[in-house]
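Below are the chains, spelled out letter by letter.
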Amino acid sequence: MLSIKNVSKKYSNNFTALSNFNLELERGIIGLLGANGAGKSTLMKMIATVSKPSEGVITWNGKNIHKDGDELRHDLGYLPQSFGVFPNLTAIEFLKYMAALKGLNMKKAKNRISELIDLLNLSDAANRSIGNYSGGMRQRIGIAQALLNDPKILIVDEPTVGLDPNERMNFRNLINSLAKDKIIMLSTHIVSDVEASAEKIVLMNKGKLICFCRNEELLNSLEGTVWECIVRENELKEIKEKYITGNIIRRNEGMAVRVISEAKPLANAVAIQPTLEDAYIYYTSGKRGEKLE
Ligand SMILES: Nc1ncnc2c1ncn2[C@@H]1O[C@H](COP(=O)(O)OP(=O)(O)OP(=O)(O)O)[C@@H](O)[C@H]1O
Ligand SMILES: [Mg+2]
């Protein structure tokens, strides 16, 4: 059980990147969703014990991880957002090196490494230097090293960056297959990444928790407030200033704009089903960034 209580992070320049954050996690896939600078990496770094809260406490199975972090680190797999590799090592050499640093039994680790190379579709490149890998392949090595110790708590910061659609899907399937009995926390600003796999979403904006809820709850909260309006091109500016707007598509009859508004925005507006992307736009728009009740 991971518990985050009243946690704030103020960086040395006095900037508050996270304020009064509270979360209790037991197991399952949790998607951290928020714009650039929302505080996702700040939160993950603190859970991974590479950064300390300015206020508040994070506990793992009841122990304060910034005072007594051995158990957490033993149970942790972490892929930082900026993950550096040693370019001269091959994938296998690198994973063996990481396994040794993690203090794993090397005999068991060798089997695990073969398994992970296979799971992450890196078999063909396993004996090539990582320095020559593509961005997406490097990212997959990052995911593999986070899984070496079969972690009970897996923190992956923007794991799908640079992955092509097939590898994105492969990653989602992998995460789904691992989710039993684990906490998997993944951050992204790509809504579809969490839509498919996350059981619960932590939606954050400017260092604040907007909601910690299931996808459906977020969608329900927008029921009846998402509209499609057909407008002329010269009306777009006004509607964008007045309302929270999403996708705009050019159609034969005019510009089709998704508008999020409690009141019907225009006479020709048609109510449509909310998507998670609508919820993301709505709650992070700044026009309505307060906590979801
Ligand atoms: N070491 C630091 N010193 C000062 N400010 C920092 C530091 N690290 C992060 N910040 C600031 O804290 C805020 C949150 O940063 P963080 O990296 O947690 O955001 P994020 O949600 O992970 O964003 P992204 O989607 O771009 O990865 C940002 O405004 C950032 O500029
Ligand atoms: Mg980040």
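Residues numbered from 1 in each chain as written. Chains lettered and ligands numbered in written order. Predicted model: local features only at pLDDT ≥ 70, side-chain atom pairs only at ≥ 80, totals over all residues. Heavy atoms only, no water.

Considerations on the coordination of the magnesium ion (ligand 2)
Okay, so step 1: Distances from the magnesium ion (ligand 2) to its protein donors, namely Ser41 (OG) and Gln81 (OE1), fall within the range 2.0 to 2.1 Å. Within this pair, whereas Ser41 is found in helix 1 (residues 40-47), its partner Gln81 is found in the loop between strand 6 (76-79) and helix 3 (91-101), the two being separated by 40 residues in sequence.
Okay, so step 2: Given the relative accessible area of 16%, Ser41 is considered buried.
Okay, so step 3: The class for Gln81 is partly exposed, based on a relative accessible area of 44%. (Donors = N, O, S within 2.8 Å, 3.2 Å for Na, K, Ca; no water. Helix = DSSP H or I, 4+ residues; strand = E, 2+ residues; numbered from the N terminus. Buried < 20%, exposed > 50% of the residue type's maximum accessible area, 1.4 Å probe, protein only.)

With respect to the domain arrangement of the protein
Okay, so step 1: For the protein, the assigned domains read domain 1 (2-218) and domain 2 (222-284).
Okay, so step 2: For domain 1 and domain 2, the distance between their C-alpha centres works out to 35 Å.
Okay, so step 3: At the interface, 14 residues of domain 1 touch seven residues of domain 2.
Okay, so step 4: When the buried area of domain 1 at its contact with domain 2 is split by residue, Val191, Leu203 and Leu218 rank highest and sum to 49% of it.
Okay, so step 5: Our enumeration of links across domain 1 and domain 2 arrives at one residue pair in polar contact (both at pLDDT 80 or more).
Okay, so step 6: The dominant element in the side of domain 1 that touches domain 2, judged by the number of residues it contributes, is strand 9 (residues 200-205), at four residues.
Okay, so step 7: Here the side of domain 1 that touches domain 2 is built from residues that sort into nine nonpolar, four polar and one charged. (Domains from an automatic or database assignment. Contact = heavy atoms within 4.5 Å. Buried area = accessible area lost by both parts, 1.4 Å probe. Polar contact = N/O pair within 3.5 Å; in protein donor to acceptor, adjacent residues only side chain to side chain. Nonpolar A, V, L, I, M, F, W, Y, C, P; charged D, E, K, R; others polar.)

Quick look at the nonpolar core
Okay, so step 1: Ranked by internal contacts, the top residues of the largest apolar core, which has 54 residues, are Tyr133, Ile141, Ile201, Leu203, Leu218 and Tyr283.
Okay, so step 2: A per-element tally of this core places helix 5 (residues 135-147) first, with six residues.
Okay, so step 3: Both domain 1 (2-218) and domain 2 (222-284) contribute no fewer than three residues apiece to this core.
Okay, so step 4: Not counting chain neighbours up to four residues away, the residues in contact with Tyr133 comprise Ala91, Leu122, Ala125, Ala126, Arg128, Arg138 and Ile141.
Okay, so step 5: Grouped together as the second largest cluster of nonpolar side chains are 28 residues, Leu43, Ile58, Ile183 and Val202 included. (Core = buried A, V, L, I, M, F, W, Y, C linked by side-chain atoms within 4.5 Å.)

Comments concerning the sheet that holds strand 11 (residues 226-231)
Okay, so step 1: With antiparallel pairing, four strands are arranged side by side in an open sheet as 12-13-11-14. Pairing within the sheet leaves two strands with one partner each, and these edge strands are strand 12 (244-251) and strand 14 (270-271).
Okay, so step 2: Contacts between helix 10 (residues 276-284) and the sheet are confined to strand 11, strand 12 and strand 13 (254-260), with strand 12 contributing the most and set at about 130 degrees to the helix. (Pairing = 2+ DSSP bridges. Axes fitted to C-alpha atoms, helices over the stretch in contact; angles between N-to-C directions.)

Some details on the sheet that holds strand 4 (residues 55-60)
Okay, so step 1: Spatially, the four strands line up as an open sheet ordered 2-1-4-5, and their pairing is antiparallel. What marks the edges here is a single partner per strand, and that holds for strand 2 (16-25) and strand 5 (63-64).
Okay, so step 2: Of the pairings in the sheet, the one linking strand 1 (residues 2-10) to strand 2 comprises six bridges and is antiparallel in character. The residue of strand 2 that forms the bridge with Lys10 is Thr16.
Okay, so step 3: Strands in contact with helix 1 are strand 1, strand 2 and strand 4; relative to strand 1, the strand with the most contacts, it is inclined by about 125 degrees.

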